[in-house]
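The primary structure of each chain is shown beneath.
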Amino acid sequence: MRRITLTALGVAGVVAVAAVAVGAAFIVTFRTQYEPGLALIRRMNKAVFNPSALATAGEAGSATSVVEHVGRRSGSTYRTPIGVVESDAGYLVTLPYGTTADWVKNVLAAGAANLVHDGATIRVERPEVVSFGAVEGMLPASEVRNAHLFGIDRFLVLHPSPVDAP
């Protein structure tokens, strides 16, 4: 009887295959907007990734900003880390979950929020969901590639309040 053992290379191969499978499932979930998969990713983000991202989000030089919004039902204030691209149209936010994320629903319902971006707090209003085509020319190449890869077709434009406009 021959004994089978996993070598370090064998373990690394199994881990690599598993990572590719998870990555592919992640991409397929976003591209198809498969709601049970999106719900699982949202829960994981809320529990694991958002708390650590909030440690530096919104600070000067951080790649992540924070949207401060009021819950539609609870009335509580929430802080959610988001990616933002500044443009002439306003602040552009990628919506990989479409418009189903709670923070997006909250901002749309309230019509305003605070954006903590690059060390400053900016009042934003008139949130507007737009198509990828409407903002494609305002996005850096890396955002365009990600939008294509993940099938992201909607963005949120947050307009600075006249008080906070440059």
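Everything discussed here concerns the structure shown above.
Fair warning: this is a prediction, and the values are worked out from it, not measured in the lab. (Residues numbered from 1 in each chain as written. Predicted model: local features only at pLDDT ≥ 70, side-chain atom pairs only at ≥ 80, totals over all residues. Heavy atoms only, no water.)

Here we come to unusual backbone geometry. Phi at Gln 33 is positive, roughly 55°, even though this residue is not glycine. Within the secondary structure, Gln 33 sits in the loop between helix 1 (8–32) and helix 2 (35–53). One non-glycine residue, Arg 126, adopts positive backbone phi at about 50°. By the element assignment, Arg 126 lies in strand 6 (residues 120–131). (Helix = DSSP H or I, 4+ residues; strand = E, 2+ residues; numbered from the N terminus.)

In this section: the nonpolar core. What tends to happen in soluble globular proteins is that the nonpolar side chains get buried as a cluster. Trp 103, Leu 139 and Phe 155 are the most contacted members of the largest nonpolar core, which totals 32 residues. For Leu 139, the residues in contact, after removing those within four places along its chain, are Val 85, Leu 92, Phe 132, Val 144 and Phe 155. (Core = buried A, V, L, I, M, F, W, Y, C linked by side-chain atoms within 4.5 Å. Buried < 20%, exposed > 50% of the residue type's maximum accessible area, 1.4 Å probe, protein only. Contact = heavy atoms within 4.5 Å.)

Time to look at helix 3 (residues 102–110). Considered for burial, the residues of helix 3 that qualify are Trp 103, Val 104, Asn 106 and Val 107. The arc that holds every buried residue of helix 3, seen down its axis, measures 160°, which confines them to one face. As for helix 3, its buried residues are in contact with strand 1 (65–70), strand 2 (77–82), strand 4 (90–94), strand 5 (112–117), strand 6 and strand 7 (154–160). Taken from the residues just after helix 3, Gly 111 is the one with a positive phi, measuring 80°. (Arc of directions from axis to C-beta.)

A word on the sheet that holds strand 3 (residues 84–87). The seven strands lie next to each other as 2-1-5-6-7-4-3, forming an open sheet whose pairing is antiparallel. Of all the strands in the sheet, just strand 2 and strand 3 have a single pairing partner and so form its edges. Strand-to-strand twist across the sheet, computed as the mean angle between neighbouring axes with direction ignored, equals 35°. Across six bridges, strand 1 lies against strand 2 in antiparallel orientation. Bridge assignment links Val 70 to a residue of strand 2, and that residue is Thr 77. Helix 3 contacts strand 1, strand 2, strand 4, strand 5, strand 6 and strand 7 of the sheet and is inclined by roughly 60° relative to strand 1. (Pairing = 2+ DSSP bridges. Axes fitted to C-alpha atoms, helices over the stretch in contact; angles between N-to-C directions.)

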